[in-house]
Structures are given as structure tokens and as C-alpha cells.
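Here is what each chain is made of, one letter per residue.
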Amino acid sequence: MQRSISLSLSNILLIAAVVLLVFLLWQLQSLIVVLMISVVLAASIVPVVDLCERLLRLPRWLATIFAYFGLIAVVTGVVLIIGPPVFDQIERLARQLPKFSEDVLTLLESTVMQATDARPELLLELFDAQSITGWIIRSSQQLVLRSYGITRGILGAAFSLILALFISGYMVADSKTLIRSIVQLFPQPWEDRLAAQTPIVSQRMGGYIRGRLLVSTILAVATAAGLTLLGLQDFALGLGAIAGVTNLIPFLGPILGAIPALIVALSQGGWLVLWVLILFAIIQNLETYVLDPLLVGTSVGVHPLFQLLSVLGGAQVLGIIGALIVPPWFAGASALVENLYLRPKQIAQAQQESEALTVIAKPARSPES
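Residues numbered from 1 in each chain as written. Predicted model: local features only at pLDDT ≥ 70, side-chain atom pairs only at ≥ 80, totals over all residues. Heavy atoms only, no water.

1. Observations concerning the packing of helix α9 (residues 236–246) against helix α10 (residues 252–268)
For any two helices packed against each other, one specifies the inter-axial angle together with the distance between the axes.
Line of reasoning, step 1. Taken N-terminus to C-terminus, the directions of α9 and α10 make an angle of 165°; their axes are 7 Å apart at the nearest point. Judged on the interaxial angle alone, α10 and α9 are roughly antiparallel. As α9 runs across α10, the sense of the crossing is right-handed. Two secondary-structure elements touch here, α9 through L239, I242, A243 and T246 and α10 through G253, P254, L256, G257, P260 and A261.
Line of reasoning, step 2. Classifying every residue of the contact of α9 with α10 gives seven nonpolar, three polar and no charged. (Axes fitted to C-alpha atoms, helices over the stretch in contact; angles between N-to-C directions. Helix = DSSP H or I, 4+ residues; strand = E, 2+ residues; numbered from the N terminus. Parallel < 35°, antiparallel > 145°, perpendicular 65-115°, else oblique. Left-handed = near helix turned anticlockwise from the far one by under 90°. Contact = heavy atoms within 4.5 Å. Nonpolar A, V, L, I, M, F, W, Y, C, P; charged D, E, K, R; others polar.)

2. Considering α10
Line of reasoning, step 1. Helix length check: α10 (17 residues) gives 26 Å between terminal C-alpha atoms against 24 Å at 1.5 Å per residue, within 8%.
Line of reasoning, step 2. A maximum bend of about 25° is found in α10 at I259, where proline P260 lies one to four positions downstream.
Line of reasoning, step 3. Of all the positions in α10, only G253, P254, G257, A258, P260, A261, I263, V264, A265 and S267 are classed as buried. (Expected span 1.5 Å × (residues − 1). Bend = angle between axes of the 7 residues up to and from the residue. Buried < 20%, exposed > 50% of the residue type's maximum accessible area, 1.4 Å probe, protein only.)

3. Comments concerning the pattern of salt bridges
Line of reasoning, step 1. Counted by the stated rule, this structure contains six salt bridges.
Line of reasoning, step 2. Between D50 and R60 there is a salt bridge, and its shortest N-O distance comes to 2.4 Å. You can see D50 sitting in helix α2 (residues 29–55) and its partner R60 sitting in helix α3 (residues 60–115), a full ten residues away along the chain.
Line of reasoning, step 3. According to the relative accessible area criterion, D50 is partly exposed, its value standing at 28%.
Line of reasoning, step 4. Where R343 meets E338, a salt bridge forms, and the shortest distance between an N and an O atom there is 3.0 Å.
Line of reasoning, step 5. The class for R343 is partly exposed, based on a relative accessible area of 42%. (Salt bridge = Lys/Arg side-chain N within 4 Å of Asp/Glu carboxyl O.)

Okay, structure coming up:
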């Protein structure tokens, strides 16, 4: 029996509308990324604006301007103070990285020759410093270029960041009207349910970013101080900054941040590499078991495996930008799923089980009664 497929005019129009919508979304991908960044920034700065509005008794729009300019001034001041030595050390590190790689290879060759009778050519085949360094550089460039491809280059990235700041400021200043205009598109009772979930979603998204920034700052300072004590003061600030920036990316960031420091330590020889490895192990355990549960874990509410998948998926699609902004969006979406689906489902199941137990426990009425 053959089943015939008929296409009505309404189905054709629906398919055409879906195709047109997908095409428009693809053309507007840069704007969508800017909106995603704006939402994350707005959720992150809301508590600061609320604090300024409450303590200074300012109107919402004026408290937003005050909070944004205050944070921009603080960040600018920090960059002007510690930026020059940090950038200088990173530049010198980038110039000397090939030499450090050659020193590491020479050290490994001598170690293997002393321990075994293996030929140096065999080691060169197994460990090609230039190839590994080239692979690391190419992988980093691909992540950066993927991010630049979304924002259309460096100038486009700067413009997108400024635009995201303005949009996020508008979102924070007129958040009640904006939220009400969005949720009223949904029928009741979903309008009230979504409106009630907005503070929870905002807290999870903003709490994730604020927690990661605070953890990364603490680890950057700890890394720079530890490397200085170990004798790497020439590159301590630069390596600490690299470790702090890469730590913004969960799971993968700490590993990426430790690689440059280990390469520098290996090139110095001696027991320094062991002490640097111990330092990063201590810092990693401090982050995993103390800082992340205290500052990030309570605000995210997402299993670490799903966080890792969101980081990998975001990096695959949007590069470094995706690795930074997709996890907070995933945390916000998980709050909606938990509160609008899983929790009502558990409550309904508990009520059904309670009713079933009540029926079983109720004594059967006798025929005489």
C-alpha cells in the first residue's frame, strides 16, 4: 500500500517561512552573538546596579550609568597599572618560545641518552618540538579566527563589544518593561511562569560569570606570586595573566594556562619543572575543591559533564567567544528546564504516589455499613 504525500498551500508557505527564517538567522549571526553577549553582561552587572540604586537612591537609568562607568574606570585603571609589564613579559615570552622549545628538546635528548641506548633520531621522530609548537599555534589561531569570523575582524570585535555594552546597559536600565514585553507573547499561565523565572535565570547566568571572573583573578595572582617565589620573576606576571585568562574557560583553561609555564621551567632545567608542576597542581586543586564550589558551583546548578560539553560545543561553533558565553546560557536554560518541567513533574509524581498510598491504606467499608 503506497502512501501519497500531498502538499497544501499552507504547508508550502510554512516550509518557505522556515527556510527564510533560517537564512535570516544565518545572515544575522553576528547580531545574535552580540545579543547573547549583551544578555550575559546584563545578568552579570544587575547586582551592582541594584546596589547603586538602593544605597545611592538613584533612578534606575542613572544607577546603570554610574555602575557601568565605575566598572569601566576600575578595569581601565587596573590595565594601565599592570598592563605594560604584563604585555612586555608576554611579548618576550612569545619571542623566546621557540628557543625554550629547543632547550626542552635538548634536555629530553640528553635525559633519554643517559637512561637508555635509544638514538636521538628516534626521539626526534617521537617528539618534534617545532611540529608540536606549530600545532599549538595553529589551534589557537583557529579559535581566534573563528571568533573574529563572527565579529568580522579586530575592529568588528571592538565595535561588537561596545555595542554589547550599550545594549546590556539598556537591558538593565529598563529590564522590567523589556521582560514584560517578551513574556506577554506567551499565553497564560506561561506568561506568569516565565516572568517568575526571570530573576532565577539572571542569577544563574550572572553568578556564573561573576564567579569565573573572581576565581580567575585569584588564580592569576596566586600563579604570579608562586612563580616569582620559584625564581621565574622575569615571566611571572605574563604567565600569571595567561593562566588567569585561560582559566575563564572551564576544564580546558587550567591545562592551557599551565603549558607555557612548564615549557619555561623545562628550559631552565633542574628541579624547577617539578616545583612548577606542584604549584599548578596545588592551584588546580584549590580551584576544584574550594573556589569553584564556593564561588561558581552554587550559582550554576549544572553537572560538570554538561558544563564541559557546553564549553566544547561553544568553542567548536563560536571559538573563544563561544567557550565563554555558551556555558552561562546553558546554566540559564537548565534553570528553566528544572523549574518549569522537572520540578512540576516530580511534584505531580509525588502527589500520585501519595494518593495511591492513601487509597491502599484506607480500610475497606463493610457491606453492613
